[in-house]
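A closer look at the structure
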Amino acid sequence: MFPAIFTFLVLFTAVCAAGVIVCRNTVNAAMCLLLCLVGVAGLFVCLEAYLLAFLLLLVYAGAVVTLFLFIVMLIDVRGGAPRARNPLATVAGIIAAALVVGGLASFWVRGHLAAPAASATPALGASLKAYAYPLFTAYLLPVQVLGFLLLVAMIGVVVLSRKPDPGPKP
Amino acid sequence: MIPATLNVYVGLSALLFAVGLLGVLLRRNTLVIYMCLELMLVASTLAFVAFSRFNGSMDGNVFVFFILTVAAAEVAAGLAIIVALFRKRLTVQVDQLDGLKH
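Residues numbered from 1 in each chain as written. Chains lettered and ligands numbered in written order. Predicted model: local features only at pLDDT ≥ 70, side-chain atom pairs only at ≥ 80, totals over all residues. Heavy atoms only, no water.

On to the overall build of chain A. When its secondary structure is counted, chain A shows 6 helices and 0 strands. Moving toward the C terminus, one meets the helices and strands of chain A in the order α-α-α-α-α-α. Here the C-alpha coordinates of chain A stretch approximately 75 × 45 × 30 Å along the principal axes. The 170 residues of chain A split such that 33% are buried. Summarising the internal contacts of chain A: among those between residues at least 6 apart in sequence, 57% fall at separations of at least 24. Surface exposure of chain A reaches about 10,700 Å², of which carbon and sulfur atoms provide 76%. (Helix = DSSP H or I, 4+ residues; strand = E, 2+ residues; numbered from the N terminus. Buried < 20%, exposed > 50% of the residue type's maximum accessible area, 1.4 Å probe, protein only. Contact = heavy atoms within 4.5 Å. Areas by Shrake-Rupley, 256 points an atom, 1.4 Å probe, with all protein chains shown as cover.)

Written out as structure tokens, the structure is:
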């Protein structure tokens, strides 16, 4: 049962990720991203990181993709007739694609990471205490910095999305 | 059937990252480019969690927390910038946003 589910999740995630860049319509691309994130959350469950799977669904699928869809509806994404592709950009894209495919192929052919089977190592990520303890001891400073980062981002977004100031009154 | 080994997880992570990179290079809609950036971030989290699971360590899992938080803040700020850009230039196609070139 587990191998079948795992195989399905891997293929599903890969196909949906490809859909993000293949779909012409931006809403379809966002939906493909959503499905891809659900697949990754399923893989997290396979890795016994239940909390992270839940957080991924909550933060990414719940908040980020919804924000994307809001913005897609807010602004007109078609924005005029499509223009001809820059030939230089096409060549650069083909070269980049070749490099990426070559790197992946070499990984599949020669890259064998020596790791014990999953059953041989304890699943630390399955318990909540294992997350809370490092977050409040070794990683306390990064947590505080992240809180400050969220505050700065919030203020920045409020400032960015204000209507432009009409200028000082005479 | 695909075996659930570390190789498969890391390979899928590399594949997702590569797809995101290709999307950033090939697509011209700023919103889709941004989605591909998110895809690359998720690919890195998948590698983190897989390495953490197979090495019996907790550090990778904790790091994913930080990546998720930074990604959320980044999306909020980035989409606000895109909306501000759209208000000013009335387009989100990157090949029409060439004000610095001329």
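Here the focus is the environment of Ala126 of chain A. Residue and element names in this part refer to chain A. As for its position among the elements, Ala126 is in the loop between helix 4 (87-110) and helix 5 (129-136). Note: C-alpha distance between Ala126 and Phe6 (120 residues apart in sequence) is 18 Å. When neighbours within four sequence positions are excluded, Ala126 is seen to be in contact with Glu48 and Tyr50.

Moving on to the packing of aromatic side chains. Residue and element names in this part refer to chain A. All chains considered together, the criterion is met by 9 aromatic pairs over all chains. On the basis of an interplanar angle of 25° and a centroid distance of 6.2 Å, the ring pair of Phe2 and Phe6 is categorised as stacked. Placement of both Phe2 and Phe6 in helix 1 (residues 2-22) is noted, with a separation of 4 residues, approximately one turn of the helix. Here Phe6 falls in the buried class, since its relative accessible area comes to 1%. (Phe/Tyr/Trp six-rings, centres within 6.5 Å; stacked < 30°, edge-to-face > 60°.)

A separate point is helix 5 of chain A. Residues spaced three or four apart along an α-helix point in a common direction, a consequence of the helix completing one turn every 3.6 residues. Taken together, the buried positions of helix 5 of chain A are Ala130, Tyr131, Pro134 and Leu135 of chain A. For helix 5 of chain A, the arc enclosing every buried residue in end-on projection is 125°, short of the 170-degree limit, so these residues lie on one face. Within helix 5 of chain A, the exposed residues directed more than 90 degrees away from the buried face are Lys129, Tyr133 and Phe136 of chain A. Tucked into the core, helix 5 of chain A has its buried residues touching helix 3 (50-74) and helix 6 (140-160) of chain A together with helix 3 (59-89) of chain B. (Arc of directions from axis to C-beta.)

Moving on to the domain arrangement of chain A. For chain A, the domain assignment lists domain 1 (1-76) and domain 2 (127-161). The straight-line distance from the C-alpha centre of domain 1 of chain A to that of domain 2 of chain A is 24 Å. (Domains from an automatic or database assignment.)

Put simply, helix 1 of chain A and helix 2 (residues 30-55) of chain B touch, their axes get as near as 10 Å, and they point 155° apart. Taken together, the axes of helix 1 of chain A and helix 2 of chain B lie roughly antiparallel to each other. The hand of the helix 1 of chain A/helix 2 of chain B crossing is left-handed. Packed against helix 1 of chain A, whose contacting residues are Ala17, Val20 and Ile21 of chain A, the element helix 2 of chain B presents Val32, Met35, Cys36 and Leu39 of chain B at the interface. Split by residue class, the contact of helix 1 of chain A with helix 2 of chain B holds 7 nonpolar, no polar and no charged. (Axes fitted to C-alpha atoms, helices over the stretch in contact; angles between N-to-C directions. Parallel < 35°, antiparallel > 145°, perpendicular 65-115°, else oblique. Left-handed = near helix turned anticlockwise from the far one by under 90°. Nonpolar A, V, L, I, M, F, W, Y, C, P; charged D, E, K, R; others polar.)

Before going further, it helps to spend a moment on the environment of Val38 of chain A. Residue and element names in this part refer to chain A. Inspection of the secondary structure puts Val38 in helix 2 (residues 26-46). Under the relative-accessibility criterion, Val38 is labelled partly exposed at 37%. Linking Val38 and Tyr60, residues 22 residues apart in sequence, is a C-alpha distance of 9.3 Å.

Here helix 6 of chain A crosses helix 3 of chain B at 10°, and the two axes come no closer than 9 Å. Considering their axes alone, helix 6 of chain A and helix 3 of chain B lie roughly parallel with respect to each other. Judged by the sense of rotation from one axis to the other, the crossing of helix 6 of chain A with helix 3 of chain B is left-handed. Contacts between helix 6 of chain A and helix 3 of chain B involve Pro142, Val143, Leu146, Leu149, Leu150, Ala153, Val157 and Leu160 of chain A from the former and Phe66, Thr69, Val70, Ala73, Ala76, Ala77, Ala80, Ile81 and Ala84 of chain B from the latter. Partitioning the contact of helix 6 of chain A with helix 3 of chain B into residue classes produces 16 nonpolar, 1 polar and no charged.

The next point concerns the interface of chain A and chain B. Counting residues at the interface gives 84 residues for chain A and 71 residues for chain B. Interface area for chain A against chain B, summed over the two sides, is near 6,800 Å², with a carbon-plus-sulfur share of 78%. Among the salt bridges present, the one from Arg53 of chain B reaches Glu48 of chain A, with a minimum N-O distance of 3.0 Å. Counting the contacts that link chain A with chain B gives 8 residue pairs in polar contact (both at pLDDT 80 or more). Broken down by secondary-structure element, the contributors of at least two residues to the side of chain A that touches chain B are helix 1, helix 2, helix 3, helix 4, helix 5 and helix 6 of chain A. Looking at the side of chain A that touches chain B element by element, the count peaks at 14 residues for helix 1 of chain A. In terms of residue class, the side of chain A that touches chain B is built from 66 nonpolar, 10 polar and 8 charged. (Buried area = accessible area lost by both parts, 1.4 Å probe. Salt bridge = Lys/Arg side-chain N within 4 Å of Asp/Glu carboxyl O. Polar contact = N/O pair within 3.5 Å; in protein donor to acceptor, adjacent residues only side chain to side chain.)

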